[in-house]
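Inside the fold
Here is how the chains run, residue by residue.
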Amino acid sequence: MPMASAVVPPETAQQLATDLLRSVGQRVTKPRVAVLSCVLAAREEHLSAELLLERVTAADASVHRATVYRTLDGLAAAGVLQHVHLDRGLTAYHLAESVGEHRSPPHLHGQCARCGRIVDFPADVMEQAVDRVERATGFALDPAHVALSGLCRQCKGRPGSH
């Protein structure tokens, strides 16, 4: 399920980031605007913290590495960004589903074990499994927090796929 398609120019992304921060009661700081601008400019990508760091520092070399990571943590804690844990300890970020007109549609993630591609799934695809696990064990799964592993359509069709 693709997210809203749009390539957002840097100036527009900066203004959207500023407006979004204000709308959710967050202070407008240079690092927050820089990080959020990069997320907004790449709406269809699942950006790892490392890739966000590269893009932020390419746009503004004065933003320190530790500041980018603290900003990501702070924006996720504030409900502006949502993160998902991927294979090999990576974390990807996107706008939280609850963030006004800029939000991403509710979705889960799958990551191809062969090529690493991240695929969006409808949020309700795991409802039955979540309900069944909770009924059987009392454990409440949070499938939005991690990416499911499997093979994407392209890799599944290649020789040697099971």
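In short, a report on the structure. (Residues numbered from 1 in each chain as written. Predicted model: local features only at pLDDT ≥ 70, side-chain atom pairs only at ≥ 80, totals over all residues. Heavy atoms only, no water.)

Considerations on a negative patch on the surface
- A cluster of like negative charges, contributed by Asp124, Glu127, Asp131 and Glu134, occupies part of the molecular surface.
- One can find aspartate 124 in the loop between β5 (118-122) and α5 (127-137). (Patch = residues over 30% accessible without salt bridge, like charges linked within 9 Å, V, L, I, M, F, W, Y side chains within 5 Å. Areas by Shrake-Rupley, 256 points an atom, 1.4 Å probe, with all protein chains shown as cover. Salt bridge = Lys/Arg side-chain N within 4 Å of Asp/Glu carboxyl O. Lys, Arg positive; Asp, Glu negative; His and termini not counted. Charge placed at Lys NZ, Arg CZ, Asp CG, Glu CD. Helix = DSSP H or I, 4+ residues; strand = E, 2+ residues; numbered from the N terminus.)

Examining the sheet that holds strand β3 (residues 91-95)
- A sheet is described by the order of its strands in space; here 3 strands give the open sequence β1-β3-β2, paired in antiparallel fashion. Taken across any chain shown, the strands that pair with only one partner, and hence form the sheet edges, are β1 (47-48) and β2 (81-85).
- Pairing geometry for β1 and β3, over 2 bridges, is antiparallel. Paired with leucine 47 across the bridge in β3 is tyrosine 93. (Pairing = 2+ DSSP bridges.)

Some details on the pairing of β5
- Bridging between strand β4 (residues 107-112) and β5 involves 5 bridges; their strand directions are antiparallel. Across the sheet, the residue bridging to histidine 107 is proline 122, located in β5.
- Linking two consecutive strands that pair antiparallel, namely β4 and β5, is a turn of 5 residues; a positive phi of about 85 degrees is found at glycine 116 within it.

Brief notes about the state of the cysteines
- Scanning all chains against the criterion turns up 0 disulfides.
- Here cysteine 112 stays unpaired: no disulfide links it, and the sulfur of cysteine 155, its closest cysteine neighbor, is 3.6 Å away.
- Look at cysteine 112 and you get buried, because its relative accessible area is 4%.
- Not part of a disulfide, cysteine 152 finds its nearest cysteine sulfur in cysteine 112, a span of 3.7 Å. (Disulfide = S-S within 2.5 Å. Buried < 20%, exposed > 50% of the residue type's maximum accessible area, 1.4 Å probe, protein only.)

Some points on the environment of arginine 32
- Within the fold, arginine 32 resides in helix α2 (residues 30-41).
- Separated by 39 residues in sequence, arginine 32 and threonine 71 place their C-alpha atoms 6.1 Å apart.
- The residues touching arginine 32, leaving out its near neighbours within four places in the chain, are Leu21, Gln26, Arg27, Thr71 and Leu75. (Contact = heavy atoms within 4.5 Å.)

Quick word on the side chain of serine 48
- Positionally, serine 48 belongs in strand β1.
- Aside from chain neighbours lying at most four places away, what touches serine 48 is Thr91 and Ala92.

Some remarks on the packing of α2 against helix α4 (residues 65-77)
- Relative to each other, α2 and α4 sit at 75 degrees, their axes nearing to 10 Å. If you check the angle between α2 and α4, you find them roughly perpendicular. Across the interface between the two elements, Pro31, Arg32 and Val35 of α2 pack against Thr67, Val68, Thr71, Leu72 and Leu75 of α4.
- Residue classes in the contact of α2 with α4 are distributed as 5 nonpolar, 2 polar and 1 charged. (Axes fitted to C-alpha atoms, helices over the stretch in contact; angles between N-to-C directions. Parallel < 35°, antiparallel > 145°, perpendicular 65-115°, else oblique. Nonpolar A, V, L, I, M, F, W, Y, C, P; charged D, E, K, R; others polar.)

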